[in-house]
Amino acid sequence: MRSVILAFTLFHFATISAAENTAQLEEEARNLAIQMDMQLKTQLKNAMKSRGPLNAITACNIKAPQIAEARSTDGWQVGRTSIRLRNPGNKSDAWERSILLAFKQQLVEGAPAANLQSSMIESNHEVSRYRFMKAIPVDEICLACHGDTIAKNVQAVLAEKYPSDAATGYKSGELRGAFTISKILENKRAD
Ligand code: HEC
């Protein structure tokens, strides 16, 4: 009998601490997304103001991966993805795609973009991984490079750098993509 109670108690504690851990992971991931968003927008605004969209392309092009890299600390991986891609390297996997489609639908139905986030724990025979996504809506400032009317010289640079660019024609308020953030919780490979 005692061992049953002990087993139950241990199970109970394990459940509570797993829930706490998930809440903490979610908060850390959400903060990483918010910080990256603010940093990218600041860089973009400054670059657009001082040098215009043509040169600001480097803010979204070169700076975004750098910012993502700098934020990828303590085992966290930070990136961006979208259904309509500019850089094919940002392609979504099956889970990301399903969440992007859900975010898109929720935005259309009037949900505030700031609330659109989702998380899960992915486990296979190799790793157990916490995954988090947060929606990125289109703002006015994005339209110079992702909107309907893009300056000819900007179009030319985009066409040269991203021949398969599908990330134009957006309107303000639509879903542009999402931050996608993950952390390996356990590596099961014995090597
Ligand atoms: C000055 C031009 C420019 C502006 C303005 C701009 N972007 Fe981008 N955006 C780019 C370029 C170039 C890329 C490709 C980056 C890369 O190579 O990873 C990109 C890629 C992205 C991606 C990654 C997914 C993909 O399609 O590859 C997201 C998400 C994104 N932009 C969101 C935004 C948002 C949100 C705004 C407004 C806050 C914005 N961008 C404003 C040029 C711009």
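Residues numbered from 1 in each chain as written. Predicted model: local features only at pLDDT ≥ 70, side-chain atom pairs only at ≥ 80, totals over all residues. Heavy atoms only, no water.

Visitor: Let's hear about the pattern of salt bridges: which residues, and what values?
Guide: Counting across every chain of the model gives eight salt bridges. Put simply, Asp 93, Glu 96, Glu 122, Arg 129 and Arg 131 are held in one network by salt bridges that share partners. (Salt bridge = Lys/Arg side-chain N within 4 Å of Asp/Glu carboxyl O.)

Visitor: Give a description of a positive patch on the surface that names residues and reports values.
Guide: A surface patch of like charges, here positive, comprises Arg 84, Lys 91, Arg 97 and Lys 104. With respect to the helices, strands and loops of the structure, Lys 91 is situated in the loop between β1 (76-81) and α2 (94-108). (Patch = residues over 30% accessible without salt bridge, like charges linked within 9 Å, V, L, I, M, F, W, Y side chains within 5 Å. Areas by Shrake-Rupley, 256 points an atom, 1.4 Å probe, with all protein chains shown as cover. Lys, Arg positive; Asp, Glu negative; His and termini not counted. Charge placed at Lys NZ, Arg CZ, Asp CG, Glu CD. Helix = DSSP H or I, 4+ residues; strand = E, 2+ residues; numbered from the N terminus.)

Visitor: Tell me about the side chain of Lys 183, and please be specific about residues and values.
Guide: Note that Lys 183 resides in strand β4 (residues 175-187). We note that Lys 183 is buried and unpaired, the nearest opposite charge coming from Glu 28 at a distance of 4.2 Å. Other than its neighbours up to four places away in sequence, Lys 183 contacts Leu 25, Glu 28, Asp 74, Gly 75, Trp 76, Ser 128, Arg 129 and Tyr 130. (Buried < 20%, exposed > 50% of the residue type's maximum accessible area, 1.4 Å probe, protein only. Contact = heavy atoms within 4.5 Å.)

Visitor: Describe the nonpolar core, listing the residues and the values that go with them.
Guide: Of all hydrophobic cores here, the largest spans 14 residues; its most connected members are Ala 29, Met 36, Trp 76, Tyr 130, Phe 132, Phe 179 and Ile 181. Of all the secondary-structure elements, those providing two or more residues to this core are α1 (2-71), β1, β3 (127-137) and β4. The dominant element in this core, judged by the number of residues it contributes, is α1, at seven residues. Residues in contact with Phe 179, not counting those within four places in the same chain, are Ala 33, Met 36, Asp 37, Leu 40, Gly 79, Arg 80, Phe 132, Met 133, Lys 134 and Ile 136. The next biggest cluster of nonpolar side chains, apart from the first, holds 11 residues, and it includes Leu 100, Phe 103, Leu 107 and Ala 135. (Core = buried A, V, L, I, M, F, W, Y, C linked by side-chain atoms within 4.5 Å.)

Visitor: Just give me the short version of the sheet that holds strand β2 (residues 117-123), but keep the residues and values in it.
Guide: Pairing is antiparallel across the open sheet formed by four strands, whose spatial order is β1-β4-β3-β2. Bordering the open sheet on either side are β1 and β2, each of which pairs with just one other strand. Pairs of neighbouring strands in the sheet enclose a mean axial angle of 20°, with direction left out of account. Here α2 sits on the sheet and contacts β1, β2, β3 and β4; the angle it forms with β3, its principal contact strand, is near 30°. (Pairing = 2+ DSSP bridges. Axes fitted to C-alpha atoms, helices over the stretch in contact; angles between N-to-C directions.)

Visitor: Summarise the pairing of β3; cite the residues concerned and give the values.
Guide: Most of β3 sits inside the fold, with nine of its 11 residues counted as buried. Sheet topology note: the β2/β3 ladder contains seven bridges and is antiparallel. Each residue of the ladder has a partner; that of Ser 123, found in β3, is Ser 128. The turn joining β2 and β3, which pair antiparallel and follow one another in sequence, is formed by three residues.

Visitor: Kindly report on α2, identifying the contributing residues and their values.
Guide: The terminal C-alpha atoms of α2, which comprises 15 residues, lie 21 Å apart, in line with the 21 Å expected from a rise of 1.5 Å per residue. Every buried residue of α2 is listed here: Trp 95, Glu 96, Ile 99, Leu 100, Phe 103 and Leu 107. An end-on view of α2 places all buried positions within 130° of arc, on one side of the element. Exposed residues pointing more than 90 degrees away from the buried face of α2 are listed as Ala 94 and Val 108. Between the side-chain oxygen of the N-cap and the backbone nitrogen of Trp 95 there are 3.3 Å, and the N-cap of α2 in question is Asp 93. Gly 110 lies just past α2 and shows a positive phi near 100°. (Expected span 1.5 Å × (residues − 1). Arc of directions from axis to C-beta. Polar contact = N/O pair within 3.5 Å; in protein donor to acceptor, adjacent residues only side chain to side chain.)

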